Amino acid sequence: MSRIVAAMSGGVDSSVAAALLARDAVEGGDEVIGVWMRLHPDRGEGYEQSRSCCSPDAADDARRVAQIVGIPFFALNLEREFGAKVIDAFADGYLDGATPNPCQACNQYIKFDVLLHRGLAAYGAESVATGHYARVERRDGSYRLLRAADAEKDQTYFLWVLGQDQLAATRFPLGELTKPEVRRIAAELDLPTATKPESQEICFVPAGDYRELLAERRGYAGEPGPIVDVEGTRLGTHSGYAHYTVGQRHGLGVALGEAVYVREVRPASNTVVVGHRDEVAARHFSAEGRRFVAGEPPGERFEGSVRIRHRSPDVACEVTLVGDDRFVVETAEPVWAPAPGQAAVLYDGEQCLGGGRIARS
Amino acid sequence: MLASLRHNRSVMSIYLDHAATTPPRPEVLEAMLPYLTEHWGNASSIHESGRNARRGLDEARETVARVLGAKPREIVFTSGGTESDNLAVRGAAWAASARGRHIVTTEVEHKAVLHSCAMMERHGFDVTYVSVDRYGRVDPADVAAAITDRTTLVSVMYANNEVGTIQPIQAIGALCRQRRVLFHVDAVQAGGFLPLDVDTLQVDLLSLGAHKLYGPKGVGALFVRHGTQLLPQQSGGSQERQRRAGTENVPGIVGFARAIELAQADPVARDVENARLAGLRDALIAGLTSIPLVFLTGEPDDRLPNNASFLVRGVEGGDLVAALDLEGIEASTGSACTTGSAEPSHVLLAMGIDEEAAHGSLRLTAGRGTTADEIARTIEATRSVVGRLRDFTAPRPTVASV
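This one's a predicted model, so the numbers in the text were calculated from it and none came from an experiment.

1. A few points about the overall build of chain B
And then number 1: Secondary structure assignment for chain B yields 16 helices and 12 strands.
And then number 2: Computed over its C-alpha atoms, the radius of gyration of chain B comes to 22 Å, within 12% of the 21 Å expected for a compact globule of 402 residues.
And then number 3: Projected onto its principal axes, the C-alpha coordinates of chain B cover approximately 80 × 55 × 45 Å.
And then number 4: Considering only contacts within chain B whose residues lie at least 6 apart along the sequence, 73% involve residues at least 24 apart.
And then number 5: When the accessible area of chain B is evaluated, it comes to approximately 16900 Å², of which 52% is carbon and sulfur surface.
And then number 6: Chain B carries 40 positive and 47 negative side-chain charges, and their two centres are separated by 4 Å.

2. Side note on the overall build of chain A
And then number 1: When helices and strands are counted, chain A shows nine helices and 17 strands.
And then number 2: For chain A, the C-alpha radius of gyration of 21 Å lies close to 21 Å, the compact-globule estimate for 361 residues.
And then number 3: Principal-axis analysis of the C-alpha atoms gives chain A an extent of 70 × 50 × 35 Å.
And then number 4: A burial count over chain A gives 56% of its 361 residues as buried.
And then number 5: When contacts within chain A are restricted to residue pairs at least 6 apart in sequence, long-range pairs at least 24 apart make up 65% of them.
And then number 6: Approximately 15200 Å² of chain A is accessible, and the part contributed by carbon and sulfur atoms is 46%.
And then number 7: The average position of the 40 basic charges and that of the 52 acidic charges among the side chains of chain A differ by 1 Å.

3. Brief notes about the sheet that holds strand S3 (residues 73-77) of chain A
Sheets are built from strands paired through backbone hydrogen bonds, the pairs being either parallel or antiparallel.
And then number 1: With parallel pairing, five strands are arranged side by side in an open sheet as S3-S2-S1-S4-S7 (chain A). Across the chains shown, the open sheet's two edge strands, defined by having one partner strand only, are S3 and strand S7 (170-171) of chain A.
And then number 2: Strand direction decides the pairing type here: strand S1 (residues 3-7) of chain A and strand S2 (residues 31-38) of chain A, joined by five bridges, are parallel. Bridging from a neighbouring strand, valine 5 of chain A pairs with isoleucine 33 of chain A of S2 of chain A.
And then number 3: Along the sheet, helix H1 (residues 12-26) of chain A makes contact with S1, S2, strand S4 (127-129) and S7 of chain A, crossing S1 of chain A at roughly 160°.
And then number 4: Strand contacts of helix H13 (residues 317-326) of chain B: S1, S2 and S3 of chain A, with the helix running at about 160° to S3 of chain A, the strand carrying the most contacts.

4. Focus on the packing of helix H4 (residues 79-95) of chain A against helix H5 (residues 102-123) of chain A
Residue and element names in this part refer to chain A.
And then number 1: The N-to-C vectors of H4 and H5 enclose an angle of 170°; their axes lie 9 Å apart at closest approach. Regarding the angle of H4 to H5, the classification is roughly antiparallel. As H4 packs across H5, the resulting crossing turns out to be right-handed. Residue-level contacts link Glu81, Phe82, Lys85, Val86 and Phe90 of H4 to Pro102, Ala105, Cys106, Tyr109, Ile110, Val114 and Arg118 of H5.
And then number 2: Class assignment for the residues of the contact of H4 with H5 results in nine nonpolar, no polar and three charged.

5. Description of the packing of H1 of chain A against helix H7 (residues 179-188) of chain A
Residues and elements named next belong to chain A.
And then number 1: Between H1 and H7, the shortest axis-to-axis distance is 9 Å and the interhelical angle comes to 65°. Relative to H7, the element H1 lies roughly perpendicular. At the point where H1 passes H7, the crossing takes the left-handed sense. Where H1 approaches H7, its residues Val12, Asp13, Val16 and Leu20 are matched on the opposing element by Lys179, Val182, Arg183, Ile185 and Ala186.
And then number 2: In terms of residue class, the contact of H1 with H7 is made up of six nonpolar, no polar and three charged.

6. Quick notes on the pattern of salt bridges
Residue and element names in this part refer to chain A.
And then number 1: Scanning all chains against the criterion turns up 46 salt bridges over all chains.
And then number 2: Salt-bridge contacts for arginine 135 lead to glutamate 350; the nearest nitrogen and oxygen are separated by 3.2 Å. Highlighted residues: arginine 135 in strand S5 (residues 135-139) and glutamate 350 in the loop between strand S16 (343-348) and strand S17 (351-358), separated in sequence by 215 residues.
And then number 3: Judged by relative accessible area, glutamate 350 falls into the partly exposed class, the value being 43%.
And then number 4: In this structure, a network of salt bridges that share partners links the residues Arg135, Arg147, Asp154, Glu176, Arg307, Asp314 and Glu350.

7. Brief notes about the confidence of the model for chain A
And then number 1: When pLDDT is averaged along chain A, the result is 91; 95% of the residues meet or exceed 70.
And then number 2: Confidence drops under a pLDDT of 50 for residues 44-51 of chain A, and excluding neighbours within four residues, the segment shows 12 contacts in the predicted structure.

8. Examining the confidence of the model for chain B
Residues and elements named next belong to chain B.
And then number 1: Looking at chain B, the pLDDT average stands at 93 and 93% of residues meet or exceed 70.
And then number 2: Scored below 50 in pLDDT, residues 335-339 shows 13 contacts in the model against residues more than four places distant or in partner chains.
And then number 3: Within the model, the stretch residues 395-402 combines pLDDT values under 50 with 12 contacts to residues more than four positions away or in other chains.
And then number 4: The ipTM assigned to the predicted complex is 0.81, against a pTM of 0.87.

9. What about the nonpolar core?
And then number 1: Judged by nonpolar contacts, the single largest core of 160 residues is most densely connected at Leu68, Val154, Tyr158 and Phe256 of chain B.
And then number 2: A per-element tally of this core places H5 of chain A first, with 10 residues.

10. Quick notes on the pairing of strand S4 (residues 126-130) of chain B
Strand residues, when the strand is regular, have side chains that alternate between the two faces of the sheet.
Residues and elements named next belong to chain B.
And then number 1: Inspection of the sheet shows strand S3 (residues 102-106) paired to S4 by five bridges, in the parallel sense. Of the residues in S4, the one forming a bridge with valine 104 is threonine 128.
And then number 2: Between S3 and its parallel partner S4, the chain crosses via helix H6 (residues 111-122), and the hand of that crossover is right-handed.

11. Overview of H5 of chain A
Residue and element names in this part refer to chain A.
And then number 1: The terminal C-alpha atoms of H5 lie 27 Å apart, and with 22 residues this falls more than 12% below the ideal 32 Å at 1.5 Å per residue.
And then number 2: Along H5, the sharpest kink reaches roughly 30°, centred on leucine 115.
And then number 3: Within H5, 16 of the 22 residues are buried, which leaves the element mostly enclosed by the surrounding structure.

12. Focus on a negative patch on the surface
Residues and elements named next belong to chain A.
And then number 1: A surface patch of negative charge is lined by Glu231, Glu258, Asp278 and Glu279.
And then number 2: Topologically, aspartate 278 is positioned in helix H9 (residues 277-280).
And then number 3: You can call aspartate 278 exposed: its relative accessible area is 63%.

13. Some remarks on the pairing of strand S12 (residues 281-292) of chain A
Residues and elements named next belong to chain A.
And then number 1: Bridging between S12 and strand S15 (residues 326-336) involves six bridges; their strand directions are antiparallel. Within S15, the position partnered with alanine 287 by the bridge is phenylalanine 327.
And then number 2: Relative to S17, S12 is paired through four bridges, and the arrangement is antiparallel. Directly across from phenylalanine 292, in S17, lies its bridge partner glycine 354.

Rules used throughout
- Residues numbered from 1 in each chain as written.
- Chains lettered and ligands numbered in written order.
- Predicted model: local features only at pLDDT ≥ 70, side-chain atom pairs only at ≥ 80, totals over all residues.
- Heavy atoms only, no water.
- Helix = DSSP H or I, 4+ residues; strand = E, 2+ residues; numbered from the N terminus.
- Rg over C-alpha atoms; globule rule 2.2 N^0.38 Å.
- Contact = heavy atoms within 4.5 Å.
- Areas by Shrake-Rupley, 256 points an atom, 1.4 Å probe, with all protein chains shown as cover.
- Lys, Arg positive; Asp, Glu negative; His and termini not counted.
- Charge placed at Lys NZ, Arg CZ, Asp CG, Glu CD.
- Buried < 20%, exposed > 50% of the residue type's maximum accessible area, 1.4 Å probe, protein only.
- Pairing = 2+ DSSP bridges.
- Axes fitted to C-alpha atoms, helices over the stretch in contact; angles between N-to-C directions.
- Parallel < 35°, antiparallel > 145°, perpendicular 65-115°, else oblique.
- Left-handed = near helix turned anticlockwise from the far one by under 90°.
- Nonpolar A, V, L, I, M, F, W, Y, C, P; charged D, E, K, R; others polar.
- Salt bridge = Lys/Arg side-chain N within 4 Å of Asp/Glu carboxyl O.
- pLDDT = per-residue confidence, 0-100.
- Core = buried A, V, L, I, M, F, W, Y, C linked by side-chain atoms within 4.5 Å.
- Right-handed = clockwise from strand over helix to strand, strands pointing away.
- Expected span 1.5 Å × (residues − 1).
- Bend = angle between axes of the 7 residues up to and from the residue.
- Patch = residues over 30% accessible without salt bridge, like charges linked within 9 Å, V, L, I, M, F, W, Y side chains within 5 Å.

This is the structure in structure tokens:
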């Protein structure tokens, strides 16, 4: 009999994923081990109240769920790995004038790399299960990543980085369920996490304000600089380029009658470029660091759809590979504010093909 | 439905974590039971129920005193080793603060002593943390050199909880007496194994915990030599001669007395069991250090008879303990707590072990139920688990990207 490591955050989704596996285990399925990861230090009261996944409350909840569903529970300290691969990368992304994607980085480097490989070694397991809403299908000897049955909750936007080796060792027990069903199961099992609110914010930036983090991790205090329009006309002053992100509307202090949005962030000249709504949308953009779930792209040029942020609808597009690392996307209709650093995730219907990081134009 | 989900281990696990806690002996439970059923009275009450409880308490105090070569009134019952350490360090330092405000201790003490000292520093006391050698051993000459005119208290543990190193308590006791400084010994980890005669050891304060010697949790004692002043650390009633307020935990205290009596009253029986444990320990040490890059930590000879502790290079102690647990072997590491803290052990760092290596610590502590067969199985399982974990740590091909 083989073993599965169930990654438990202390939230309702991973709780139910672990519970479902534990139920299967009783009926002769794989043995289940619950693992909670400490990813960043708990910083006391203010942070504790933030419902982040690393508060002592989260660890308590995860442990309690493991006790209730009857699986062994371990805490794994991955602070060092998470600090380097996720938090520092997040800070560096902003310093680079980009919009970082920490949830994707956490999946790529922590959950489906360190946890997966270390879990397999330490716990003698053969796969890792998470509470993500996504599906893995094996067809003709290869693994396909599919959107979740619950389109509202689909999390493939953060999972496109997974390759064949990782999918082969990954289980998503919630892939066929909807969120209300998950909550119902949690309530039936009387799990303490059943009514826990959804976490929306970035777990290590609980108040949603990352400026303090830039100062702490990278000594970036922010130097005031110009806010300009596309022509270079100065419209105002910003508090430091890294405090701004493409598509942002609030906090600019610019009154032009019509709403303006951040169109571009230029680190070298400490400049923030703004524009009206139609100036921030685009019909084509390029992406770098491309990866395909299948290991191979579907072709040099292919049609599909693209999603450029979590929970925004995808848009029909044509993709053309460029060189070894990039691709160009042309969309059927304008997409709102493609932000450098964010993922452009490619789909063919239900199937997530892979993607890349949106590049500076 | 939930009951059917509960995880059940198919084979009995091998428990090698007796330094964390020990299973209460049946004789201990038997001694305690009447004080939970018939004699549940408050030992301070005047009536018969109170007198019955009082009798258990008085007898227990006599028993513990006898084991220590002390007088009954020199025994203060507490909630355990941590409270005893807190009461000793803070209570003695405060009571003597008119004479001086300097404490001498070591870098390898239990956190109960270290954090009590840190608290006194916040109150303006000075604390000298004497360093140790690479085996975790304190040189009495270093303690002597640290004592000044202002020193009122020296606190040194009898044996280390992580690496098992036994400290030269008698020599330090002699020099403290000569310098007229109070001497506190944290004997929580040593209490089940080493001689506890307080006059031979020349100690003024000595901490004990019941659950480390097959007694119940939540009870312990502090020996306070007659004439030693203590500022109580908790206020209320006049129990324990006004040194520790609160209704006495009579069943726990009775169980503690029975446990320490079983462990210590017959020194010959104690030494026979120590020799048996030392044999198992040495087999473990020989077996594990035959695995490449596994090293013994702590004093090679002068160590607790049941303690085998190691550095396993190239693995995380937490991973190793989890992996062993899944093989049915219960061990511990000095580098992590259950909530996943990554702090390396202060004991290993004090011994000059670098932080990276300190993450790979493993502690195996045998006990009364441990058998030679269990030791052999543990060696085999550790060998295979360490191999598996090192395969993971070794560079591996990264997942292909296009």
